Amino acid sequence: MDLLRGLPGHPLHPPLTDAAIGIYTASTAFALLSVLGVSERNTATAWWLALVLGLVATVPTALTGLADWLRITRGTELWKTATAHLAAMASGTVFFLLAAVVGHGGYVDGEVTGGGLVLTLAGFGLLTLGGWLGGSIVFVHGMRVLKLVDEPFERAVTPAAHSEKRAASGGSGGHRR
Ligand code: HEM
């Protein structure tokens with residue numbers, strides 16, 4: 001489980017979230033472009049393929065998030081925010097999955113169906129909400145943030161140079177380091 005968490009100062013979940021959010025955002029943009037008639041068949045194909053890619057990227061993203069979530073003390077304020085984040089991301093994933101299943105026929109025909117579009121937009125709304133809550137976990141509660149402002153450059157960029165136990169003030173907020 002520790003392998004899934006990454007190194008102190010370099011957690012694995014955040015970079016994976018960039019991939020998942022970027023791919024789902026591209027999928028949503030392609031769906032809208034297709035519906036607007038911009039290179040309709042090509043953008044419909046890109047929409048559906050990006051949905052599937054996003055679902056694949058979600059597997060490691062969710063696993064690394066889960067590994068961090070399991071270290072949070074239950075019932076704390078941080079836990080409430082992280083659990084709301086989990087719920088938003090899990091629901092968003094279900095909507096994207098349904099969009100891929102319901103929209104498969106449209107993909108084969110080179111169009112984004114009404115159902116596929118609505119489910120994609122719902123997934124994107126939940127993804128945005130979940131991203132906001134993810135921001136609260138990190139930038140408000142400070143989870144996994146070392147905040148070593150004066151750390152010398154050489155140490156700041158060296159892998160495994162830090163321990164989260166030694167981290168300066170702030171950021172523990174119910175999180176077992
Ligand atoms: C597609 C799925 C998910 C996406 C896109 C996502 C996105 C995010 C984002 C944007 C952040 C803020 C970090 C940053 O700004 O770089 C974050 C943090 C976090 N997420 Fe997620 N998340 C996902 C799934 C999950 C799941 C399923 C869990 C828990 C079971 C989870 C737990 C956490 C935790 C604990 C943090 C704060 C610490 C850390 O960075 O690991 N996430 N997530």
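For the structure, check the block above.
Computed from a predicted model, the values in this text were never measured in an experiment.

Procedures and definitions
- Residues numbered from 1 in each chain as written.
- Predicted model: local features only at pLDDT ≥ 70, side-chain atom pairs only at ≥ 80, totals over all residues.
- Heavy atoms only, no water.
- Core = buried A, V, L, I, M, F, W, Y, C linked by side-chain atoms within 4.5 Å.
- Buried < 20%, exposed > 50% of the residue type's maximum accessible area, 1.4 Å probe, protein only.
- Helix = DSSP H or I, 4+ residues; strand = E, 2+ residues; numbered from the N terminus.
- Donors = N, O, S within 2.8 Å, 3.2 Å for Na, K, Ca; no water.
- Tetrahedral: all angles 85-135°; square planar, octahedral: opposite > 155°, others 65-115°.
- Near = heavy atom within 4 Å.
- Polar contact = N/O pair within 3.5 Å; in protein donor to acceptor, adjacent residues only side chain to side chain.

Caption draft 1: Main features of the nonpolar core. One finds Trp47, Leu51, Phe96 and Val112 to be the most contacted residues of the largest nonpolar core, which totals 14 residues. Every element with two or more residues in this core is listed here: α2 (13–35), α3 (40–69), α4 (77–102) and α6 (114–140). Examining the composition of this core, we find that five residues originate from one element, α3, more than from any other. Judged by nonpolar contacts, the second largest core, of seven residues, contains Ile72, Leu78, Trp79 and Ala82.

Caption draft 2: Structural detail: the coordination of the iron atom of the ligand. Those donors, His13 (NE2) and His85 (NE2), are the protein atoms that reach the iron atom of the ligand, and they lie 2.0 Å from it. Every donor counted, the six donor atoms about the iron atom of the ligand form angles of 88 to 179 degrees at the centre, which fits octahedral coordination. Taken together, the residues span a long stretch of sequence, with His13 in helix α2 and His85 in helix α4 at a distance of 72 residues. Across the pair, His85 and His13 agree in class, each one buried.

Caption draft 3: Region of interest: the site of the ligand. Lining the immediate environment of the ligand, one finds 19 residues, of which His13, Thr17, Asp68, His85 and Ile137 sit closest. His13 has a polar side-chain atom sitting 2.8 Å from a nitrogen atom of the ligand. His85 is positioned such that a nitrogen or oxygen atom in its side chain is 2.8 Å from a nitrogen atom of the ligand. Contributions of two or more residues to the shell around the ligand are made by α2, α3, α4 and α6.

None of the figures reported here should be taken as evidence of function without further support.
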